[in-house]
Amino acid sequence: MIEEFFVQLTWLQGIGTLFGIVQVVLARQNNIHTYLFGIVSILISLWVLYQSALYADILLHLYYLVMSIYGWFFWKFGKQQSEAPITSSSNNEHLKAMGIVLGCFSLMSYWLSFHTDSDVPIWDAAVSAFAWAGMWLMAKRKLENWIYLNVSNIISIPLLIYKDLYIYAGMSVFLFIMGTSGYLKWKKLMKEENKHVYATT
């Protein structure tokens, strides 16, 4: 029975990982359909994470779900009912992102330490804190989202190995590589978009 449970968990990790890989590849390409594949991956991951008692990650994925819906609408329509371009974060947005990191880490680490049976409260909270900020910036189509998401990926790799979620750990390595590539790709796309704007004004 226990063996069957772990086989099922492994299969779900695999399916969720496949959707997650497609999602991040599409995100790197600045393709709006990244959110459709992301939502499927999120829903699968919620069950796997619940079985592994990674409670901060569960809340993070619920947040991902909300931000994926918001991000799809923002990418599609932006503020002027036209597709939002890639831009760099302003100083105010940088401060907000760091505020999200600090606020999320403080709340999550306290909650996990004193109100759950988590054996990795600080670790789990740190992963979630940077990912929350990164997802917020991605939904707003900000270049720096990749930096925050990659910090989260670096921290999550040993955590997932510790929890025996080896497929997800491998995916985090892949996400880190794609995050680095995505940053460079978006930076290039942003320059091309700016050149186009200047050429037409």
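As the structure is a prediction and not an experimental result, all values here were calculated from the model.

Asks: Would you mind going over the overall build of the protein in detail, with residue names and values included?
Replies: If you tally the helices and strands in the protein, you get seven helices and zero strands. Traced from its N-terminal end to its C-terminal end, the protein shows the element sequence α-α-α-α-α-α-α. When each of the 201 residues of the protein is scored for burial, the buried share is 46%. Considering only residue pairs separated by 6 or more positions, the protein has 73% of its internal contacts joining residues 24 or more positions apart. Carbon and sulfur atoms make up 69% of the accessible area of the protein, which totals about 10,700 Å².

Asks: An account of helix H6 (residues 145-162) is needed here, citing residue identities and associated values.
Replies: For H6, with 18 residues, the first-to-last C-alpha span of 26 Å sits near the 26 Å given by 1.5 Å per residue. Of all the bends in H6, the greatest, near 35°, is centred on Ser156, and the proline Pro158 appears no more than four residues after it. Among the residues of H6, Asn145, Trp146, Tyr148, Leu149, Asn150, Ser152, Asn153, Ser156, Leu159 and Leu160 are the ones counted as buried. Asp164 sits one or two residues past H6 and shows a positive phi near 65°.

Asks: Just give me the short version of the environment of Leu189, but keep the residues and values in it.
Replies: Residue placement: Leu189 occurs in helix H7 (residues 166-199). Look past the residues within four positions of Leu189 in its chain and what remains in contact with it is Asn30 and Ile86.

Asks: Could you give an account of helix H5 (residues 121-139), with specific residues and numbers?
Replies: Helix length check: H5, at 19 residues, gives a terminal C-alpha distance of 27 Å against a target of 27 Å (1.5 Å per residue), a fit within 8%. In terms of residue burial, H5 counts as a mostly covered element, since 15 of its 19 residues are buried. Downstream of H5 by one or two residues, Arg141 has phi in the positive range, about 60°.

Asks: Lay out the confidence of the model for the protein with the relevant residues and their values.
Replies: Reading fine detail from the predicted coordinates is not recommended where pLDDT is low. The share of residues in the protein with pLDDT of 70 or more is 89%, and the mean pLDDT across the chain is 84. Ranking the elements of the protein by mean pLDDT puts helix H1 (residues 2-28) last, at 72, and H6 first, at 95. Under a pLDDT of 50 for its full length, residues 1-6 has, in the predicted model, two contacts with residues more than four places off or in other chains.

Calculation notes
- Residues numbered from 1 in each chain as written.
- Predicted model: local features only at pLDDT ≥ 70, side-chain atom pairs only at ≥ 80, totals over all residues.
- Heavy atoms only, no water.
- Helix = DSSP H or I, 4+ residues; strand = E, 2+ residues; numbered from the N terminus.
- Buried < 20%, exposed > 50% of the residue type's maximum accessible area, 1.4 Å probe, protein only.
- Contact = heavy atoms within 4.5 Å.
- Areas by Shrake-Rupley, 256 points an atom, 1.4 Å probe, with all protein chains shown as cover.
- Expected span 1.5 Å × (residues − 1).
- Bend = angle between axes of the 7 residues up to and from the residue.
- pLDDT = per-residue confidence, 0-100.

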